[in-house]
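These are the residues of each chain, in order.
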Amino acid sequence: AQWLNCDVRSFNYSVLGQFSVLMADPPWDIHMELPYGTMTDEEMLAMNVQCLQTDGVICLWVTGRAMELGRDCLTTWGYKCVGEILWIKTNQLQRLIRTGRTGHWMNHSKEHCLVGIKGDPKINHNIDTDVIVAEVRETSRKPDEIYGMLERLSPGTRKLEIFGRAHNTRPGWFTLGNQLPGTRITDPQVRELFAESYPDVPID
Ligand code: SAH
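Thresholds applied
- Residues numbered from 1 in each chain as written.
- Predicted model: local features only at pLDDT ≥ 70, side-chain atom pairs only at ≥ 80, totals over all residues.
- Heavy atoms only, no water.
- Near = heavy atom within 4 Å.
- Polar contact = N/O pair within 3.5 Å; in protein donor to acceptor, adjacent residues only side chain to side chain.
- Areas by Shrake-Rupley, 256 points an atom, 1.4 Å probe, with all protein chains shown as cover.
- Nonpolar A, V, L, I, M, F, W, Y, C, P; charged D, E, K, R; others polar.
- Buried < 20%, exposed > 50% of the residue type's maximum accessible area, 1.4 Å probe, protein only.
- Helix = DSSP H or I, 4+ residues; strand = E, 2+ residues; numbered from the N terminus.
- Pairing = 2+ DSSP bridges.
- 1 Å grid on protein atoms, 1.4 Å probe; cavity = no way out; pocket = protein on both sides within 12 Å on 5 of 7 lines; lining within 4 Å.
- Points joined across faces, edges and corners; volume = space filled by probe spheres on them.
- Contact = heavy atoms within 4.5 Å.
- Core = buried A, V, L, I, M, F, W, Y, C linked by side-chain atoms within 4.5 Å.

1. Structural notes on the site of the ligand
Phase 1 of the analysis: Around the ligand, the structure places 19 residues, and the nearest of them are Asp25, Arg165, His167, Asn178 and Gln179.
Phase 2 of the analysis: Arginine 165 has a polar side-chain atom sitting 2.8 Å from an oxygen atom of the ligand.
Phase 3 of the analysis: Here glutamine 179 contributes a side-chain N or O atom positioned 2.6 Å from an oxygen atom of the ligand.
Phase 4 of the analysis: Protein contact buries 98% of the 590 Å² of open area that the ligand shows by itself.
Phase 5 of the analysis: Partitioning the shell around the ligand into residue classes produces six nonpolar, seven polar and six charged.

Written out as structure tokens, the structure is:
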């Protein structure tokens, strides 16, 4: 597992190389109380993620009005939205969450993850369905089932998660976020490029 504590608004993504799969769970400005800072629509649209993939898949978690804004981001970043994964939230008894902690008019028992593609990704088609049924955990935490799905979609390839936290780090994945504990880079080429760009940041 590799990770990097950074502010993704200013980070130089080009030191990371290319990835087959990207996942992002952004702090959208959806006017809700959240335990971390949000990013404006302009900052989201301006994310410099173009260099991260030539042929690849992106999974973008969206909620509220970000369901539309997220689609705009995908287009602006050079992706075509080809689908949407739905996470049906259950409690520890594997029953549908009925007292969702989010939702203004209705209690939310689901979350949405847009799926976009760029170029001509070599991925396995039609293995999983687009519905995950999984238990809710901490605020904002997404189900681990998504990692299995993405591994089956693109086995053994380099994968990047943007806006991840410590519990999201895992083998095969590079994780970026401002709540991560320091920096751990094992890939020699990334270590070298990172050290050139950020000579003052210690790498574990
Ligand atoms: N998917 C994660 C939750 C992500 S919450 C999970 O499963 O747990 C969004 C994360 O993005 C938070 O950790 C927040 O601190 C971080 N974040 C917010 N603004 C950021 C920025 N400008 N740069 C890097 N990370 C940021």
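2. Structural notes on the pairing of strand S6 (residues 131-135)
Two faces make up the sheet, and in a regular strand the side chains alternate between them.
Phase 1 of the analysis: Only one face of S6 is covered, namely the face carrying Ile132 and Ala134; the face carrying Val131, Val133 and Glu135 is uncovered.
Phase 2 of the analysis: Judged from the five bridges that link them, strand S4 (residues 80-90) and S6 form a sheet pairing that is parallel. Looking at the pairing, tryptophan 87 lines up with isoleucine 132 of S6.

3. Notes on empty space enclosed by the protein
Phase 1 of the analysis: The tally for this structure, following the rule as stated, stands at one cavity of 30 Å³ or more.
Phase 2 of the analysis: If you trace the largest cavity, you find it lined by Leu22, Ala24, Met44, Met47, Val49, Ile58, Trp77, Ile162 and Phe163.
Phase 3 of the analysis: Along the lines of polarity and charge, the residues of the lining of the largest cavity split into nine nonpolar, no polar and no charged.

4. Things to note about the environment of threonine 54
Phase 1 of the analysis: Of note, threonine 54 is situated in the loop between helix H1 (41-45) and strand S3 (56-62).
Phase 2 of the analysis: Considered as a pair, threonine 54 and glycine 148 are 94 residues apart in the sequence and their alpha carbons are 23 Å apart.
Phase 3 of the analysis: Each residue touching threonine 54, except ones within four places of it in the same chain, is listed here: Gln18, Lys118 and Gly119.
Phase 4 of the analysis: A polar contact of 2.6 Å, which involves the side chain of threonine 54, links it to the side chain of glutamine 18.

5. Brief notes about the sheet that holds strand S2 (residues 21-24)
Phase 1 of the analysis: Ordered in space as S6-S4-S5-S3-S2-S7-S8-S1-S9, the nine strands form an open sheet in which the pairing is mixed. At either end of the open sheet lies a strand with only one pairing partner, and these are S6 and strand S9 (183-184).

6. A closer look at the layout of surface pockets
Phase 1 of the analysis: The computed volume of the largest pocket comes to approximately 1,100 Å³.
Phase 2 of the analysis: Of the residues in the lining of the largest pocket, the class split is 15 nonpolar, 13 polar and eleven charged.
Phase 3 of the analysis: The space that makes up the second largest pocket amounts to roughly 490 Å³.
Phase 4 of the analysis: Along its surface, the second largest pocket is lined by 20 residues, and Val115, Asn124, Asn126, Asp128 and Leu153 are the ones closest to its centre.
Phase 5 of the analysis: Going through the elements one at a time, S3, S4, strand S5 (110-118) and helix H3 (145-153) are the ones with two or more residues in the lining of the second largest pocket.
Phase 6 of the analysis: Considering each element in turn, the lining of the second largest pocket owes the most residues, four residues, to S4.
Phase 7 of the analysis: In the lining of the second largest pocket, the residues fall into twelve nonpolar, five polar and three charged.

7. Considering the nonpolar core
Phase 1 of the analysis: In this structure, Tyr13, Leu16, Met47, Trp77, Ile162 and Leu176 are the most contacted members of the largest nonpolar core, which totals 34 residues.
Phase 2 of the analysis: Breaking this core down by element, the ones donating at least two residues are S2, S3, helix H2 (66-77), strand S7 (159-162), strand S8 (173-177) and helix H4 (188-197).
Phase 3 of the analysis: Examining the composition of this core, we find that five residues originate from one element, H2, more than from any other.
Phase 4 of the analysis: Sequence-distant contacts of leucine 16, that is, excluding residues within four places in its chain, are made with Leu4, Phe11, Leu52, Arg158, Leu160, Phe174, Leu176 and Val190.
Phase 5 of the analysis: One finds Val57, Ile123, Tyr147 and Met149 within the second-largest nonpolar core, a separate group that totals 17 residues.

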